[in-house]
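Next come the chains, spelled out residue by residue.
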Amino acid sequence: MGGTTESKKKEQSGSTSGFGFWKWAIASVILRLILIYFPKNLNLGSRPEVSTPLTSFRRLAEGYWLKQLNVSPYAGSMYHGSPLLLSIMGPLTVERIDGYPNHLVCSLVSVVADFIAAMLIRSTGRSLHMSYSQGLRSLHLAEQFEASGYLPSGDIAALAYLWNPFTIVTCMGFNSSPIENLFVIISLYGASKGLVPLAAFGWVLATHLSLYPIVLVIPIILLLGYGLDAPPRKLFLQRLSSKTGNDGSTVGDPESKGFKVPSTSFSMRPVFFFFLWTVLWASYILFLCYISLKECGKLEEMFSRTYGFILSVKDLSPNIGVLWYFFAEVFDFFRNFFLITFHANILFMILPLAIRLHHRPCFLAFVYMAISSILKSYPSVGDSALYLGLLALFANELTEMQFSFFLFCGYVGVSLLSPVMHNLWIWRGTGNANFYFATAMAYACFQIVLVVESVSTMLNHDRRIRKLCTTTKA
């Protein structure tokens, strides 16, 4: 009777929390639908923190207009995005009679993309919670962690993504960042669920729209090969070895004693199929791009004006990154050297982080996205919205972060100061570029502190599990 009563209480609490989640999720959608009707007052599409030369729908409208005249959309210096995005979203940017772009339909697309991304984050978080709980039970540590209360990280991450001011501003900002974030989340969701074609599809399209998600190939491979995030696999092997006799013979069956060993060996089969599907999807997308540009351009021009534009940092218009100011000041003789240095910084961090965090591929994906947001050529607050949503998936593991309040205040302060400094520099003329660049530097510093602190806290969490395993074994 007692067990039945407890199960009923858990079911009732689960249904209540589920109702609360949907209430807040629907409220976030309603808020977006209300804000759609104030595009002229908000004017977020022209903010350098929100729209970039790669994501702005205003530039996309220019490229679509050129394409309608049978001229290459890359002929001018405005459009640097995908021809597929141009074909799909271009008709939605056609001007109305009053001369303003059709913000309503484009914003509705962003609202739908945000909602789908949040639902995928929620499902991924639930899978992570089940996998992690199973790992703790295998190590006989579940009671010690669940006694302090285990938060529903999937629901928290989904709501954090939907209610993040960066996500809302990006959704209303008349740009393609919500679509790019959606495909990144699709790739991680497909890999976490073992859906190889979906993971390959999301990763190929995310890389096609924005070059930087290419680094996610390592977390996706680890997800497909090893599975979801779990405590260090060495602990499971040590636990299993302690169940064996001194002569190497197994004392009983570990499975019969309640010890279920997660997968500690790397599976090559799903990884092979992932690369096979990647080749198929990439070929199909390139074929569609060729058809789209057949009458007014070539694939070589597309690569030069998209990936080449990202890597060469030709547009030095202000943004919340640090590269625009640096390359505006550097001598042309050293430009190529520093281009290689900045882009290589991302590559130098990939392998060490993968070695240290290979047992946590989803967390590794968050770290990669955060580092890319710091060092990419044309960052926006949409990039922060993505990695902050992924960070919330680990609300339980990162409860002991020491600088959470400091980082929260820093993000809020930079968000408020950046428009003020931009206004003083551009419109009032009472400031200069150093004012705005100071906020960009502060923003980069806060992101660096967030990455370092989150990785350090996660490693400390793993050390705590290792210490508890040693104590339990003794």
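1. A word on the overall build of the protein chain
Alright, step 1. When its secondary structure is counted, the protein chain shows 21 helices and zero strands.
Alright, step 2. Of all 474 residues assigned to the protein chain, the portion counted as buried reaches 52%.
Alright, step 3. Within the protein chain, contacts between residues at least 6 apart in sequence are counted, and of these 77% link residues at least 24 apart.

2. Focus on the confidence of the model for the protein chain
Alright, step 1. In the predicted model, the protein chain carries a mean pLDDT of 82, and 83% of its residues have values of at least 70.
Alright, step 2. Confidence drops under pLDDT 50 across residues 1-16; counting only partners more than four residues distant or on other chains, this segment forms zero contacts.
Alright, step 3. Residue range residues 245-261 is modelled with pLDDT below 50. Its contacts to residues more than four positions away, or to other chains, number 23 contacts.

3. Considering the pattern of salt bridges
Alright, step 1. The full count for this structure, using the stated rule, is eight salt bridges.
Alright, step 2. Put simply, Asp 114 and Arg 32 hold a salt bridge, and the shortest N to O gap is 3.4 Å. Here Arg 32 lies in helix H1 (residues 2-35) and Asp 114 lies in helix H5 (residues 103-138), a separation of 82 residues in the sequence. Neither residue differs from the other here; Asp 114 and Arg 32 are each classed as buried.
Alright, step 3. The salt bridge involving Asp 155 is made with Arg 122; its shortest N-O contact spans 2.7 Å. Placement of the pair is Asp 155 in helix H7 (residues 153-163) and Arg 122 in helix H5, with a sequence separation of 33 residues.
Alright, step 4. Since its relative accessible area comes to 10%, Asp 155 is described here as buried.

4. A word on unusual backbone geometry
Alright, step 1. Located in the positive-phi region is Asn 70, a residue other than glycine, with phi close to 60°.
Alright, step 2. Tracing the chain through its elements places Asn 70 in the loop between helix H3 (57-68) and helix H4 (83-89).
Alright, step 3. Within the chain, Val 313 stands out as a residue other than glycine whose phi angle is a positive 50°.
Alright, step 4. Along the chain, the position of Val 313 falls in the loop between helix H15 (307-312) and helix H16 (323-329).
Alright, step 5. With relative accessibility at 0%, the residue Val 313 sits in the buried group.

5. A look at H7
Alright, step 1. In terms of burial, H7 is largely enclosed, as eight of its eleven residues are buried.
Alright, step 2. Inspection of H7 places Ser 153, Gly 154, Asp 155, Ala 157, Ala 158, Leu 159, Tyr 161 and Leu 162 among the buried residues, and these make up the whole buried set.

6. Details of the packing of aromatic side chains
Alright, step 1. For the structure shown, the criterion picks out 31 aromatic pairs.
Alright, step 2. Their ring planes at 10° and their centres at 5.0 Å tell us that Phe 309 and Tyr 378 sit as a pair that is stacked. Here the residue Phe 309 occupies a position in helix H15, and Tyr 378 occupies one in the loop between helix H18 (361-375) and helix H19 (381-391), the gap between them amounting to 69 residues. The two residues Phe 309 and Tyr 378 agree in class, both being buried.
Alright, step 3. Seen in terms of ring centroids, Phe 337 and Phe 338 are 5.2 Å apart; in terms of plane orientation they differ by 75°. Their pairing is edge-to-face.
Alright, step 4. Relative accessible area serves as the criterion here: at 52%, Phe 337 is assigned to the exposed category.
Alright, step 5. What links up through ring pairs into an aromatic cluster is the set Trp 324, Tyr 325, Trp 425, Tyr 436 and Phe 437.
Alright, step 6. Above the ring of Phe 21, the side-chain terminus of Arg 122 is found at 4.0 Å from the ring centroid.

Conventions we followed
- Residues numbered from 1 in each chain as written.
- Predicted model: local features only at pLDDT ≥ 70, side-chain atom pairs only at ≥ 80, totals over all residues.
- Heavy atoms only, no water.
- Helix = DSSP H or I, 4+ residues; strand = E, 2+ residues; numbered from the N terminus.
- Buried < 20%, exposed > 50% of the residue type's maximum accessible area, 1.4 Å probe, protein only.
- Contact = heavy atoms within 4.5 Å.
- pLDDT = per-residue confidence, 0-100.
- Salt bridge = Lys/Arg side-chain N within 4 Å of Asp/Glu carboxyl O.
- Phe/Tyr/Trp six-rings, centres within 6.5 Å; stacked < 30°, edge-to-face > 60°.
- Lys NZ or Arg CZ within 6 Å of the ring centre and 35° of its normal.

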